[in-house]
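Residues per chain are reported as follows:
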Amino acid sequence: MASSSLSLEEKYDVFLSFRGEDTRHTFTSYLYAALSAKQILTFMDHELERGDEISPTLSKAIEESKISVIIFSENYASSTWCLDELVHILECKKAKGQVVMPIFYGVDPSVVRKQKGKYGASFAEHEDRFKDKMERVHQWRAALTEASNLCGLDSKDFRPENKLVQKIVEDISLKLPKYLLMDEHFKGLIGIEKHIKEIESLLSIGTEDVRFIGIWGMAGIGKTTLASAIFQRLSYFQFESCCFLWNVREEYLRHGPNHLRKKLLSELLSDESILRMDTPFIASSFIDNKLRHKKVLIVLDDVDSSVKLEALVEGYDHFAPGSRIIVTTRNRQVLIKKEADDIYKLEGLNEIESLQLFNLHAFGKSSPSKDYEMLLNHVTSYADGNPLALKVLGSFLHSKSTDEWKSALNKLKKIPNKDILDVLRISYEGLDDKGVQNLFLDIACLINQSFTRDDVEHMLDEGDSFVKIGLTVLIEKSLIESRKANELWMHDLLRQVGQTIVCDEHKEPGKRSRLWDVKDVCHVLERNTGTAAVEGISFNMSEIHKDIKLCHATFSEMYNLRVLKICCDNIGNNKFKLYLPHGLGSYLSDKLTYLQWDLYPLKSLPSNFSPENLVELVLRGSHVQKLWTNQEVKSFPILRRIDLSYSKFLTRLPDLSQSPNLERINLEGCASLVQVLSSLQNLEKLTYLNLNGCSKLRDLEDISKRRTEGYLDVARLGGIKKLWKNFTYLKSCIQRFTGNLCLYSSRDHISQKFAPNLTSLLLRETAIETVPPSIGYLLGLVELDLWHCKRLKSLPTSICHLKSLESLDLCGCEKLKTFPEILEPMEHLRNLSLAFAGIKELPESVENLVSLKDLFIESCKDLEFLPNSLCNLRNLEKIWLRFCSKVQKLPSLPPSLHQLWVDNCERLKSLPELPSLCLRLSASGCTSLENISNWRAPLLHHLADIIEDWSHNDYIDFYGCTKLDQNTHNTIIADRAVIQILARIKFGRVNPYHSFCYPGDEIPVWFNHQTCGSSINNIMLPPYWNNDDFLALAFCIVFHWNKIDRNASLDTSCKLNFKTIDDGSLYEYHNYTSSYKYDKFSSDHVFIWYVERRSLESSEEMDGLDWPSTCSTEASFRVYPIYPFLDNVNNNESEYGEIKKFGVRFVYKQDMERCDAETERKNKRSFNECCESSGSETVGFLEEEDEDESHSKKLKLM
C-alpha cells in the first residue's frame, strides 16, 4: 500500500476515513486538497482496500493523528476495512481524547445510527459471513451508533458541495490550535498554557468582530514569548494574512516609522508594488480597501508609545471581520488610548513554575542534588517569578559548584546581573518626566517592599498632588504594581535597577542623592561625610549592630534633605541606638517634608528648625519632653500628621493653632502627658486624635466650641472613672467625629450641634456606667463600640434615633441587664453583639431592627427567651445563641435565616420549624433537645448563592444531642444532610471535614451499599460507571465511643480499591477526613462526608484508570477510625471506639434531578395538606404525578 508520501514518524493533524469506491476521486480528494492548501498535515489512504483487517501502518496513522474525519457514504458499512478503522478511531478517542468529526455524505444520520437501508443490508451480509465472530459484528454496530451520535455535518445542509469542504476546513482550523501545546516546540515554555487559554478566550476566535487585545506587564515577564506562542498557534489556519512585528520600540528608533509601516503592509498584502502607493501622512484608499477585505492576524511587540502605534496603523486600522490585533507593551496608556477591547495583565511565574524554568536552564534534563536545594530557594526568591531573570541566572550558574553559586548570589544582592539590568532599565529611561523618575528612585531606595499608596503619599507628597499622578504613571508603565485594596508593590529587580542608578551617581555614599544601605548610612553619619547631594535617608535601626554616636553637625551639609526616615521595628526593645551626645545644634534641613526618627534621643527638636515644608512628623518612642524649648508658636502650614506615640517623657504639646491642615495626632502611650487640649485650637481638619494610655491627662474640660472632625480615641484612659457623669470624660473617649461639640455646664447632655457627622464612637473597656439620652443627636454615627464596658448598666431608648448606625457592640457588658425598647425602625443596623452581656431578655420592639443581619447573643447566662417578634426580622441571616444555659425554646424563626448556633444550650428542648435556607445548624451539646418541628427542603438551585459564598461554611452538627427522637434524627436531619451534600457537589464546594453529624444507629437508606462493620467488598460496576454523569462518592458511618477520654477526637481514613476486570489492574485511593469531635458522649453517632470526582481523577494513586472506564470494575471500601491526639493506639481494634456500620453511594447527576423532584412532590403535598386543614380547596394548577413507571414510584432520597 502506498500511503501518503509523508513519513509516518510525523504526527498527523487529520486522518480521513472514507469508502474509496464512493468518494476517493470526488469529495474526499477535494477535502484533502483543501486541507493541504492550509498546511494541515492530512493522512489519506491512496491504496485500494485488501483483506478483512486494516494494516498496522494504517492503525499507526490513526493513532498519530489529532483529528479523525469519518466520511459516512452510502456503501461505507459494506467495507469491513472501514468498520475496523472506525472502531480503532473510537478507541483512540476514548484513550487519547482524539477529536472525531462524522460527515454524513449522501446518507441520513439515522440510517447510520440504526443501520437501516443499505447499512442494514450490509450488516445482514456481515452477520452471515462472520457468524462465528459475532462479537466483531456487534462491535461494528456499536461503533456506528456511537459515531453517529457525535456532533457532525450533513451534506444536505450545504449547497454547493464546496461550502461543506470549506466548513470542515474551518472547523478543523479552530480545533487544531488546542493541540499545539502538546508539541515539543512548547515544552520549554513553563507555565504558558494557562496564559494562552486566557488570551484565546479574550480573542474569541470564530466571532466576526475585529478585536484588539493588549498584553501588559513588566520587562522580562514573558509578553513577547506569550504573543509568539499565540501567533504560532493561530497564524497557520485561520487568517488570510499574518504579521508579527518584533521589538517595535527599538526598530522604530533605529529605522523610523516608515520602515516598520512598509514591513507591516508588505507582509499583509504580499505585494511589494502596492507599497509605492502608501505615503507617511495620507493613507492610500486602494491599500485601505484591500485591507478591509483581508482577515488578518497582527502582533505588534513592545510598543512603548501610543504615538508610535498610531504611526504604524494610521489610516489602515479597518480590517475584515474576524481579524485580530495583539499589542504587547509595558505602558498601559498605549492600550487605553487606542481603546483596546481587553487588556491582559501578565503575571510572573509561581514558585513551582519558577523552579521548573530555572532548573531547565541550570541543570538541563538532570535533577539538582540536595546540596543545591536551599540555594534554589534563594534564586527563585531573587527572580520573584520573572522568566528573563530565571533563564539568565540559570544559564549563568549552569555547571557551577555550590560554592560558586553562593558567591554569585551574594554578589547579586549588591550588583545585579548586567543582562537583566539592561532590559529592565529601559522602562526607567522611558519615563519622560524627571519628577516621575525621581519618584521611582525614591520608592526604590527609601520605601520598604510592602507599602501602600498612602505610605508613598505621606512620605513623599510635598502638599501638591504630584505623587498621586506619578504613582499612576509608574503603575501604567509596569514599574510598580497595584494589588488588592490600596497595596502597591515593586519587583525586587526593579528596586535594584533604581538603587544601581543611584549608586552610579558617585563612588562616595555621602555624595549620592539617596542613602538606604545601613552600612552606607552609618558610614556617612558617623564620619559626617554627608553633602548637599543627599536628598533622602531611610534605614532601620533594627539592622545596626552597635551604638552609633553622631556629632552635632552630622546634618549640617545636607541642606537639601527632603526625607529623613530612621525607623525601628521594635520601639520598646531595640538593642542598639543612635546617640547625639552634643545635641543637634540647629542643623536640620528646612526642606524636610518627612521626618521620622524613632527613639529620638534628645529632649526636643532643634530650636531653629523651620518646619514650613514638613508634611509628617514621627518621633515614636522618643525622649522628647517638649517638641522645642521656646514658647514661640511655630507655623506648620502643610503639616498633616504627628505621631509621638510612646514618647513617655512628653509632658505637653506646643501650640498647634498655626497648623491648619493637621489631620491626625497620635499620642498613644504618652504616659507623662498632662495637657493637650490647649494646644489643639482651630484645627478644623483634625480627623484623628489618639490618647490611648495617656493616664495622667487632666485637662479635658476646655473642649467646648472647638471644631473637630473624625477621630478622638482615648479608650482605656487610666484616669477616667465616671465617663458620662461628667461629659468631659465622654469627649476623652470619642474616636472619630465631625461637627461642633458644645457643653451645657456640667449637665450630662449632648447638644444637637455636637458631632453631627460622627461616624465611630469607640468606648472599649472604659468605666462608662450609662449612655445619656442625648446620644440620639449623633445622627451620623455608624459604629458604636462599648465592648467590655463592664460597668455599663443601661442604654437609652433614644438609641433608635441613630438612623445611620450599622454596628452596635455590647459584648462583655456584664451589668447590662436590659436592652432598650426600639421605638422607631433602625434601617441600617446590621450587626448587634450582646455576647457575654448580662441581658435577661430582648423586647418585642426588637422587630424594628429591620435591617439586622447578625445577632450575637453567645454566653448570655441570664437570658431565658427570645421575643416572638424575631420572625419579623426579614433580613436576619445569623443567630449565635451558644452557651445560653437558661433558654428552653426558640420562637418562630425568620425565613431569611442561613445560620443558627445553639451549641451547649443545655435546657433547650425543641427547635421550631427551620427555614429552608438554613444550611448551618450547630447544636452540639444540647443534651435536652428532643425534636425539630420541621425543616423545609429547598430546591438545589435555590442554594447556589449561599453554597458558592466561601465565607459561608455549611454544616449540620447535633453531636451529643442524645435525646433526639427517631423521626428527627433518622428522617429530618438525615434527609437534610443528603440535600446539602448534593448541593455542595452541584456547586463545587469542597470541605475536608465530617460536616454532618447527629446521634443515631442507622445508615440512611440513600446509601445503597451498606454493611455492618467497616468494609464493603466486591461492588460490581458496569463499563462507563465513571462517565461524565459521575460526580462523587458519599460515605456514612455509625460510630460508637467505647471509652470516655476528653483527649480523644475522631478522624477517619477511608481506603478505596478499584480493580478493572478486563486486565486485573488495581487502583487505590486514600481519603482522610477530620471531624474535630472529641470523646464526650458514649452513644452512637452518624457521620456523613463525601469525595468529589475531581479528587479521585487527579489523584496520583488513580493514575492509569480510564475516565470513563470502558471496563467493568470491582470496587471495595474500608474505613478506619483515627485518633490524632492519642499515641500508641491501634486504630483497627481500639478500646476507644468502633465503626459499627458503613455505607457508600456513587453519586450521579441523576441524583440531583431525583432530589429536586422529590422535594417538589413533598412541598406540594404539604401545601395541599395545609389547604385541606384550613378548609380550602386544593389549588388546581398542582400537577398530578406522571403515570410513567419511572415517576409513579416515589423517588426516595433516603
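Each value, and the rule that gives it
- Residues numbered from 1 in each chain as written.
- Predicted model: local features only at pLDDT ≥ 70, side-chain atom pairs only at ≥ 80, totals over all residues.
- Heavy atoms only, no water.
- Helix = DSSP H or I, 4+ residues; strand = E, 2+ residues; numbered from the N terminus.
- Buried < 20%, exposed > 50% of the residue type's maximum accessible area, 1.4 Å probe, protein only.
- Contact = heavy atoms within 4.5 Å.
- Areas by Shrake-Rupley, 256 points an atom, 1.4 Å probe, with all protein chains shown as cover.
- pLDDT = per-residue confidence, 0-100.
- Axes fitted to C-alpha atoms, helices over the stretch in contact; angles between N-to-C directions.
- Parallel < 35°, antiparallel > 145°, perpendicular 65-115°, else oblique.
- Nonpolar A, V, L, I, M, F, W, Y, C, P; charged D, E, K, R; others polar.
- Core = buried A, V, L, I, M, F, W, Y, C linked by side-chain atoms within 4.5 Å.
- Expected span 1.5 Å × (residues − 1).
- 1 Å grid on protein atoms, 1.4 Å probe; cavity = no way out; pocket = protein on both sides within 12 Å on 5 of 7 lines; lining within 4 Å.
- Points joined across faces, edges and corners; volume = space filled by probe spheres on them.
- Phe/Tyr/Trp six-rings, centres within 6.5 Å; stacked < 30°, edge-to-face > 60°.
- Lys NZ or Arg CZ within 6 Å of the ring centre and 35° of its normal.
- Pairing = 2+ DSSP bridges.
- Salt bridge = Lys/Arg side-chain N within 4 Å of Asp/Glu carboxyl O.
- Right-handed = clockwise from strand over helix to strand, strands pointing away.
- Disulfide = S-S within 2.5 Å.

- Per an unreviewed UniProt entry, the protein chain carries the name ADP-ribosyl cyclase/cyclic ADP-ribose hydrolase and comes from Ziziphus jujuba.

A short note on the overall build of the protein chain
- Looking only at helices and strands, the protein chain has 31 helices and 43 strands in total.
- The 1198 residues of the protein chain split such that 53% are buried.
- Sequence-distant contacts in the protein chain: of pairs separated by 6 or more residues, those separated by 24 or more amount to 66%.
- Summing over all exposed atoms, the protein chain offers an accessible surface of approximately 53600 Å²; the carbon and sulfur share of this is 47%.

A closer look at the confidence of the model for the protein chain
- Per-residue confidence for the protein chain averages 82 on the pLDDT scale, and 84% of its residues sit at or above 70.
- Note that pLDDT drops below 50 for residues 699-756; the model gives that stretch 177 contacts with residues more than four away or on any other chain.
- Predicted confidence for residues 1176-1198 stays below pLDDT 50, and this span has 32 contacts to residues more than four positions away or in other chains.

Some points on the side chain of aspartate 442
- Along the chain, aspartate 442 turns up in helix α21 (residues 434-446).
- Aspartate 442 sits in the buried class, given a relative accessible area of 4%.
- Setting aside residues no more than four positions away along its own chain, aspartate 442 makes contact with Ile447, Leu460, Arg514 and Arg562.

With respect to the packing of helix α11 (residues 248-255) against helix α12 (residues 257-269)
- Remark: α11 packs on α12, axes separated minimally by 7 Å, with the N-to-C direction vectors making an angle of 120°. Comparing the axis directions of α11 and α12 gives the class oblique. Along the contact surface, α11 presents Val248, Glu251, Tyr252 and His255, while α12 presents Pro257, His259 and Leu260.
- The residue inventory of the contact of α11 with α12, partitioned by class, reads four nonpolar, two polar and one charged.

Describing the nonpolar core
- If you look at the biggest cluster of nonpolar residues, it comprises 106 residues, and the most contacted ones within it are Leu300, Phe358, Trp405 and Ile443.
- If you tally residues by element for this core, the top one is α21, at eight residues.
- Each residue touching phenylalanine 358, except ones within four places of it in the same chain, is listed here: Phe363, Leu376, Val379, Leu390, Leu393, Gly394, Leu397 and Trp405.
- Within the second largest apolar cluster, 92 residues are counted, among which are Leu805, Leu816, Leu908 and Ile1088.

A few points about helix α24 (residues 492-503)
- Here α24 spans 16 Å end to end across 12 residues, near enough to the 16 Å set by a 1.5 Å rise per residue.
- Of all 12 residues in α24, 10 are buried; the element is thus mostly enclosed.
- Within the sequence span of α24, burial applies to Leu493, Leu494, Arg495, Gln496, Val497, Gly498, Gln499, Thr500, Ile501 and Val502.

A short note on unusual backbone geometry
- Cis geometry marks the peptide bond from arginine 159 to proline 160; its omega dihedral reads -5°.
- Despite not being glycine, asparagine 247 has its phi angle at roughly 55°, a positive value.
- Counting through the fold element by element, asparagine 247 comes out in the loop between β7 (241-245) and α11.

Let's talk about the environment of glutamate 64
- Inspection of the secondary structure assignment puts glutamate 64 in the loop between α3 (56-63) and β3 (65-72).
- Between the C-alpha atom of glutamate 64 and that of glutamine 98, which follows or precedes it by 34 residues, the distance is 9.6 Å.

As for the layout of surface pockets
- There is about 1300 Å³ of room inside the largest pocket.
- What lines the largest pocket is a set of 36 residues, among which Lys413, Gln496, Gln499, Trp516 and Asp517 lie closest to the centre.
- Among the secondary structure elements, those contributing two or more residues to the lining of the largest pocket are α17 (373-383), α19 (402-412), α21, α24, α25 (518-527), β15 (536-540) and β17 (563-567).
- Take the lining of the largest pocket: its biggest share by element is six residues, from α24.

Thoughts on the packing of aromatic side chains
- Going through the model one piece at a time under the given rule, you end up with 31 aromatic pairs.
- With a centroid separation of 5.9 Å and 70° between ring planes, the pair formed by phenylalanine 1117 and phenylalanine 1146 is classed as edge-to-face. With phenylalanine 1117 in strand β42 (residues 1113-1122) and phenylalanine 1146 in strand β43 (residues 1137-1148), this residue pair connects regions lying 29 residues apart in the sequence. For the pair phenylalanine 1117 and phenylalanine 1146, one class covers both residues: buried.
- Cluster of aromatic residues (ring-pair linked, three or more members): Trp1025, Phe1030, Phe1035, Phe1058, Trp1089, Phe1117, Phe1142, Phe1146 and Tyr1148.
- The ring of phenylalanine 130 has arginine 136 sitting right over it, with the charged end atom 5.2 Å from the ring centre.

Notes on the sheet that holds strand β4 (residues 99-104)
- The sheet built from five strands is open, its strands ordered β2-β1-β3-β4-β5 with parallel pairing. Of all the strands in the sheet, just β2 (42-43) and β5 (153-154) have a single pairing partner and so form its edges.
- Of the pairings in the sheet, the one linking β4 to β5 comprises two bridges and is parallel in character. Looking at β5, one finds that phenylalanine 104 is bridged to aspartate 154.
- Sitting on the sheet, α3 is in contact with β1 (12-17), β2 and β3, with an inclination near 125° to β1.

Focus: the sheet that holds strand β10 (residues 342-345)
- Reading across from one edge, β7-β8-β9-β6-β10 is the order of the five strands in this open sheet, with parallel pairing throughout. Lying at the two open borders of the sheet, with one neighbouring strand each, are β7 and β10. Averaged over all neighbouring strand pairs, the angle between strand axes comes to 10°, with direction disregarded.
- Where strand β8 (residues 296-300) and strand β9 (residues 324-329) come together, four bridges link them in parallel fashion. Pairing of leucine 300 across the sheet is with valine 327, part of β9.
- Sheet strands touched by helix α10 (residues 223-234): β6 (211-216), β7, β8, β9 and β10. Its angle to β7, the strand with the most contacts, is close to 165°.

Quick look at the packing of α11 against helix α14 (residues 306-313)
- Packing of α11 against α14 leaves a shortest axis separation of 11 Å and a crossing angle of 75°. One way to sum up the angle between α11 and α14 is to call them roughly perpendicular. For the pair α11 and α14, contact is made by Val248, Arg249, Tyr252 and Leu253 and by Lys308, Ala311 and Leu312, respectively.
- Among the residues forming the contact of α11 with α14, the class breakdown is five nonpolar, no polar and two charged.

Concerning the pattern of salt bridges
- For the coordinates displayed, the defined rule picks out 50 salt bridges.
- Note that glutamate 146 is salt-bridged to lysine 94, the shortest N-O span being 3.4 Å. In this pair, glutamate 146 is assigned in helix α7 (residues 134-148) and lysine 94 in helix α4 (residues 80-96), connecting sequence segments 52 residues apart.
- Assessed through its relative accessible area of 34%, lysine 94 is described here as partly exposed.
- With its nearest N and O atoms 3.5 Å apart, the salt bridge here joins arginine 512 to aspartate 520.
- Residue class for arginine 512 comes out buried when judged on its relative accessible area of 10%.

Some words on the pairing of β15
- The element β15 is largely enclosed, with a buried count of five among its five residues.
- Of the two faces of β15, both are covered, the one formed by Gly536, Ser538 and Asn540 as well as the one formed by Ile537 and Phe539.
- Summarising the sheet, strand β14 (residues 514-515) and β15 pair through two bridges and their orientation is parallel. Counterpart to arginine 514 in the pairing with β15 is glycine 536.
- For the handedness criterion, the β-α-β arrangement of β14, α25 and β15 is classed as right-handed.

Focus: α21
- Compared with the 18 Å implied by 1.5 Å per residue over 13 residues, the 18 Å span of α21 between its first and last C-alpha is a close match.
- Across the 13 residues of α21, 10 count as buried, placing the element largely inside the fold.
- Buried residues of α21: Val436, Gln437, Leu439, Phe440, Leu441, Asp442, Ile443, Ala444, Cys445 and Leu446, and no others.

Points about the state of the cysteines
- For the structure shown, the criterion picks out zero disulfides.
- Counting only cysteine sulfurs, cysteine 242 is the nearest neighbor of cysteine 243, a cysteine outside any disulfide, at a range of 8.9 Å.

Let's talk about the pairing of β42
- With seven of 10 residues buried, β42 lies mostly within the body of the structure.
- Of the pairings in the sheet, the one linking strand β37 (residues 1015-1021) to β42 comprises five bridges and is antiparallel in character. The partner of isoleucine 1019 across the bridge, within β42, is alanine 1115.
- As paired strands, strand β39 (residues 1049-1060) and β42 are joined by 10 bridges and run antiparallel to one another. Bridged to phenylalanine 1058 within β42 is alanine 1115.

Considering the environment of leucine 86
- Within the secondary structure, leucine 86 is located in helix α4.
- A C-alpha to C-alpha distance of 7.6 Å links leucine 86 and serine 17, two positions 69 residues apart in sequence.
- Discounting residues that sit within four places of it in the chain, leucine 86 has contacts with Ile70, Phe72, Tyr76, Ala143, Leu144 and Ala147.

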